[in-house]
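# Observations on the three-dimensional arrangement
Spelled out, the chains give:
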Amino acid sequence: WLKPFWLKARRARSEGREPPRLHIARQPEAMVNIPKTRNTYCRKCKKHQPHKVSQYKTGKKTGKAQGDRRYEKKQKGFGGQTKPVFHKKAK
């Protein structure tokens with residue numbers, strides 16, 4: 001029977017042979033700075049010019065799209081979750 005690698009380190013720490021690990025409190029992530037202007041193509045001038053840009057949030061879903069209707073129909077009744085639910089977060 002093979003022991004997992006982390007058991008050796010845990011036992012060594014508990015026996016006092018290795019100093020305990022320090023847990024460093026991380027600062028909360030700051031908001032990302034995004035430039036207010038961007039150099040993009042202007043159809044009127046027919047060349048690249050600085051344009052004002054802003055961030056948009058996606059609009060509220062109406063639930064009337066074909067995919068939403070299909071998903072709701074598939075989920076209906078017994079049988080639990082029918083499609084995979086994404087759990088892996090970005091690192």
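Throughout what follows, the structure given in this document is the object of discussion. None of these values were measured; they are calculated from a predicted model. (Residues numbered from 1 in each chain as written. Predicted model: local features only at pLDDT ≥ 70, side-chain atom pairs only at ≥ 80, totals over all residues. Heavy atoms only, no water.)

### Regarding the pairing of strand S1 (residues 37-42)
Across 6 bridges, S1 lies against strand S2 (residues 47-52) in antiparallel orientation. If you follow asparagine 39 over to S2, its bridge partner there is proline 50. In sequence, S1 turns back onto S2 through a hairpin of 4 residues, with lysine 46 there showing a positive phi of about 60°. (Pairing = 2+ DSSP bridges. Helix = DSSP H or I, 4+ residues; strand = E, 2+ residues; numbered from the N terminus.)

### Here we look at the environment of glutamine 81
With respect to the element layout, glutamine 81 can be found in the segment after helix H2 (66-75). Apart from residues no more than four positions distant in its own chain, glutamine 81 is found in contact with Tyr71 and Gln75. Polar contacts involving the side chain of glutamine 81 include one to the main-chain carbonyl oxygen of lysine 83, which spans 3.1 Å. (Contact = heavy atoms within 4.5 Å. Polar contact = N/O pair within 3.5 Å; in protein donor to acceptor, adjacent residues only side chain to side chain.)

### Re a positive patch on the surface
A cluster of like positive charges, contributed by Arg69, Arg70, Lys74 and Lys83, occupies part of the molecular surface. Along the chain, lysine 83 turns up in the segment after H2. On the accessibility criterion, lysine 83 (41% relative accessible area) is partly exposed. (Patch = residues over 30% accessible without salt bridge, like charges linked within 9 Å, V, L, I, M, F, W, Y side chains within 5 Å. Areas by Shrake-Rupley, 256 points an atom, 1.4 Å probe, with all protein chains shown as cover. Salt bridge = Lys/Arg side-chain N within 4 Å of Asp/Glu carboxyl O. Lys, Arg positive; Asp, Glu negative; His and termini not counted. Charge placed at Lys NZ, Arg CZ, Asp CG, Glu CD. Buried < 20%, exposed > 50% of the residue type's maximum accessible area, 1.4 Å probe, protein only.)

### Side note on the pattern of salt bridges
Within the structure shown, the criterion is met by 1 salt bridge. A salt bridge links lysine 61 to aspartate 68; the shortest N-O distance between them is 3.8 Å.

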